Amino acid sequence: MADVFSTSDSPVPGRGAPEGGSAQQHRDAAPRAARVAVVTVSDTRTTETDTSGQYLMAELRVAGHDVVAYRIVKDDAVEIRSALVQFSREAQIVLSSGGTGITGRDVTVPVVESLLTKPIPGFGELFRMLSYQQVGGAAMLSRAVGGLCRGAVIFAMPGSLNAVKTAWEGILRDELPHLIFELERHGQPGVPVTGAEPAPAEPAPLARVTLERLPLSPLPGGFPAAGTGGGAAAGLGRHKKGDGPL
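Here is what the cut-offs are and how they apply
- Residues numbered from 1 in each chain as written.
- Predicted model: local features only at pLDDT ≥ 70, side-chain atom pairs only at ≥ 80, totals over all residues.
- Heavy atoms only, no water.
- Salt bridge = Lys/Arg side-chain N within 4 Å of Asp/Glu carboxyl O.
- Buried < 20%, exposed > 50% of the residue type's maximum accessible area, 1.4 Å probe, protein only.
- Axes fitted to C-alpha atoms, helices over the stretch in contact; angles between N-to-C directions.
- Helix = DSSP H or I, 4+ residues; strand = E, 2+ residues; numbered from the N terminus.
- Parallel < 35°, antiparallel > 145°, perpendicular 65-115°, else oblique.
- Left-handed = near helix turned anticlockwise from the far one by under 90°.
- Contact = heavy atoms within 4.5 Å.
- Nonpolar A, V, L, I, M, F, W, Y, C, P; charged D, E, K, R; others polar.
- Pairing = 2+ DSSP bridges.
- Polar contact = N/O pair within 3.5 Å; in protein donor to acceptor, adjacent residues only side chain to side chain.

Comments concerning the pattern of salt bridges
Inference 1: Overall, the coordinates contain three salt bridges when judged by the stated rule.
Inference 2: In this structure, Arg45 and Asp50 form a salt bridge, with 3.4 Å as the shortest nitrogen-oxygen distance.
Inference 3: Here Arg45 falls in the partly exposed class, since its relative accessible area comes to 25%.
Inference 4: The class of Asp50 is buried, set by a relative accessible area of 0%.

Considerations on the packing of helix α5 (residues 121-135) against helix α6 (residues 161-172)
Inference 1: Packing of α5 against α6 leaves a shortest axis separation of 10 Å and a crossing angle of 120°. It follows that α5 is oblique to α6 by the angle criterion. Once α5 is placed against α6, the crossing between them reads as right-handed. Contacts from Phe123, Leu126, Phe127, Leu130, Ser131 and Gln134 of α5 reach α6 at Asn162, Ala163, Thr166, Ala167, Gly170, Ile171 and Leu172.
Inference 2: Along the lines of polarity and charge, the residues of the contact of α5 with α6 split into eight nonpolar, five polar and no charged.

Notes on the pairing of strand β5 (residues 145-149)
Inference 1: Across the five residues of β5, five count as buried, placing the element largely inside the fold.
Inference 2: Bridge count between strand β4 (residues 118-119) and β5: two bridges; the pairing is antiparallel. Within β5, the residue paired with Lys118 across the bridge is Leu148.

Re the pairing of strand β3 (residues 93-97)
Inference 1: Burial analysis of β3 places five of its five residues in the buried class, the great majority of the element.
Inference 2: Residues Ile93, Leu95 and Ser97 of β3 are buried on one face, and the alternating residues Val94 and Ser96, pointing to the opposite face, are buried as well.
Inference 3: Where strand β1 (residues 35-41) lies against β3, five bridges are found, and the strand directions are parallel. Note on β3: the bridge partner recorded for Val39 is Ser96.

Description of the environment of Tyr70
Inference 1: As for its placement among the helices and strands, Tyr70 is situated in strand β2 (residues 66-73).
Inference 2: Residue Tyr70 is classed as partly exposed on the basis of its relative accessible area, which comes to 25%.
Inference 3: For the pair Tyr70 and Thr40, spaced 30 residues apart in the sequence, the C-alpha separation amounts to 8.1 Å.
Inference 4: Discounting chain neighbours no more than four positions away, the residues touching Tyr70 are Val38, Thr40, Thr47, Asp50, Gly53, Gln54, Met57 and Phe87.
Inference 5: Only 2.6 Å separates the side chain of Tyr70 from the side chain of Asp50, close enough to count as a polar contact.

As structure tokens, this is what we get:
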């Protein structure tokens, strides 16, 4: 199976080299830079106080990635969805922070889940595992989630700077190139290959219309004789003077 691979460059004993190659081989073959968009979900943060978003953008640039978009949106499902949909068309990776808890204003997770075509449950599982080592059982309150939205990967993490650092340093930093490799090596259903122009559609053939001459049906009493003028009067005869009043 192409999606099963060893974490070592050595073949699996008795099975030969895996068809999909190793994770390290995929990293080596992956592009060094990814197009990444950053979204911060908060009712109160500004560009000056958004420490989580600023941290992510700084780390992405240090790693050589291209930050193509950045936005702060309110804890509002419509605003969050609009930003994620737009950025998933412009970027390969979308990193969102904030709104993943269980309070009444935390609506990021259901919005993200409604957009996913292929969930990546391992992201949330790994994040909570790492968080448990830091905050104990409170880690269960985080609903961090990730997955594919057509041609991009979205990761939604908590909004605190410590949580964002945990996700970036413990999971995402070393795996972004690998993610891009897996995302694009076979393409995604319904998503055009990057840089490829869609083939123009073949014009529909013009329908051929054939006009058929239909036979004339005879009038009651036969066709009028030539020179009678035709019409109803031809079939009834012309009125002659002296034939009586009309």
